[in-house]
Amino acid sequence: MTNPPTNRRPSRAAPPCHLVVMGVSGSGKSTLAAALAEQLELPMAEADEFHPEANIAKMAAQTPLTDEDRWPWLRALRDWMSVQAETGCVITCSALRRSYRDLLSTAEGRVIFLHVDVDIPRLSTRLAHRSGHFMPPELLESQLQTLEPLDPEEDGVRLPNDTTIEDLLSAARHWLSSSLNVDFSADADPLTDHSTDWKNS
């Protein structure tokens, strides 16, 4: 988790808001979130880092989490977002159910969801080849069954990740520019050191 000083207010996004980059494991949300946080100069956090040890142990043992496991985790993440209300932030979080997103939306400030969506064959391939992460590929089916796509009335957008990470970033930037009046620097290169890093996606 990276957390620049909260008094660093980005010049390219106003008013401040929280961008929750959501999706199942392996979708590419970490890669996109890192690029957006770098370009917008916002604090960033990986929701996985807020899990208690008991949750990590269950997932490593291929045991799906229950809602009782998730509520304290989601509240801790919501509270961290509220601390960043002055600047806004970027976080990654699976945010699979509407009820989970409703809880995150109670953070202080506007909360926007960017749902990174990938077809199942691509997801399976990515999870089979990544290492160093406690979420085993066997839990993908459970995540897909739990996933509730964004409803039309939710504050956010679905972003298909079916080509390249550059295309995904371009789609996210276009939506943020048109919907939130975010002015991205034309010469920025936010993909440095992130474009091929899928292990925590």
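Here we summarise the structure given alongside this text.

Conventions used here
- Residues numbered from 1 in each chain as written.
- Predicted model: local features only at pLDDT ≥ 70, side-chain atom pairs only at ≥ 80, totals over all residues.
- Heavy atoms only, no water.
- Buried < 20%, exposed > 50% of the residue type's maximum accessible area, 1.4 Å probe, protein only.
- Helix = DSSP H or I, 4+ residues; strand = E, 2+ residues; numbered from the N terminus.
- Pairing = 2+ DSSP bridges.
- Phe/Tyr/Trp six-rings, centres within 6.5 Å; stacked < 30°, edge-to-face > 60°.
- Axes fitted to C-alpha atoms, helices over the stretch in contact; angles between N-to-C directions.
- Contact = heavy atoms within 4.5 Å.
- Salt bridge = Lys/Arg side-chain N within 4 Å of Asp/Glu carboxyl O.
- Core = buried A, V, L, I, M, F, W, Y, C linked by side-chain atoms within 4.5 Å.

Bringing the pairing of strand β3 (residues 89–92) into the picture now. Alternating positions in β3 separate into two faces, Cys 89 and Ile 91 on one and Val 90 and Thr 92 on the other, with burial throughout. Judged from the four bridges that link them, strand β1 (residues 17–22) and β3 form a sheet pairing that is parallel. By the bridge assignment, His 18 is partnered in β3 with Cys 89.

Here we come to the packing of aromatic side chains. Tallied over the entire structure, the rule returns two aromatic pairs. Where Trp 71 meets Tyr 100, the ring centres are 5.5 Å apart and the plane angle is 80 degrees; that geometry is what we call edge-to-face. Placement of the pair is Trp 71 in helix α3 (residues 67–83) and Tyr 100 in helix α4 (residues 98–104), with a sequence separation of 29 residues. In this structure Trp 71 comes out as partly exposed when scored by relative accessible area, which is 25%.

One open sheet holds the five strands; their spatial order is β2-β3-β1-β4-β5, and the pairing between them is parallel. What marks the edges here is a single partner per strand, and that holds for β2 (44–46) and β5 (156–160). Strand after strand, the sheet turns through a mean of 20 degrees between neighbouring axes, direction not considered. When strand β4 (residues 110–117) meets β5, the two strands line up parallel, connected through five bridges.

What follows concerns the environment of Val 20. Tracing the sequence through the fold places Val 20 in strand β1. Beyond its immediate stretch of four places on either side in the chain, Val 20 contacts Met 81, Ile 91, Cys 93, Leu 104, Val 111, Ile 112, Phe 113 and Leu 114.

Attention now moves to the pattern of salt bridges. Under the criterion given, the structure shown has 12 salt bridges. A salt bridge links Lys 58 to Asp 69, with the shortest nitrogen-to-oxygen separation between them at 2.7 Å. Within this pair, whereas Lys 58 is found in helix α2 (residues 53–60), its partner Asp 69 is found in helix α3, the two being separated by 11 residues in sequence. Since its relative accessible area comes to 26%, Lys 58 is described here as partly exposed. The shortest N-O distance in the salt bridge between Asp 151 and Arg 98 comes to 2.6 Å. Highlighted residues: Asp 151 in the loop between α6 (140–146) and β5 and Arg 98 in helix α4, separated in sequence by 53 residues. Classification of Asp 151 as partly exposed rests on a relative accessible area of 30%. Here the salt bridges do not stand alone but share partners, grouping Arg 98, Arg 101, Asp 102, Asp 151, Glu 153 and Glu 154 into one network.

Formed by 28 residues in total, the largest nonpolar core has its most connected members in Leu 19, Leu 32, Leu 36, Leu 114 and Leu 176. At the level of elements, β1, α1 (29–40), β4, β5 and α7 (165–180) are the ones that each hand at least two residues to this core. Beyond its immediate chain neighbours, meaning those up to four positions away, Leu 19 contacts Leu 40, Cys 89, Val 90, Ile 91, Ile 112, Leu 176 and Leu 180. In this structure, Ala 47, Ile 91, Tyr 100 and Leu 147 belong to the second largest nonpolar core, which totals 24 residues.

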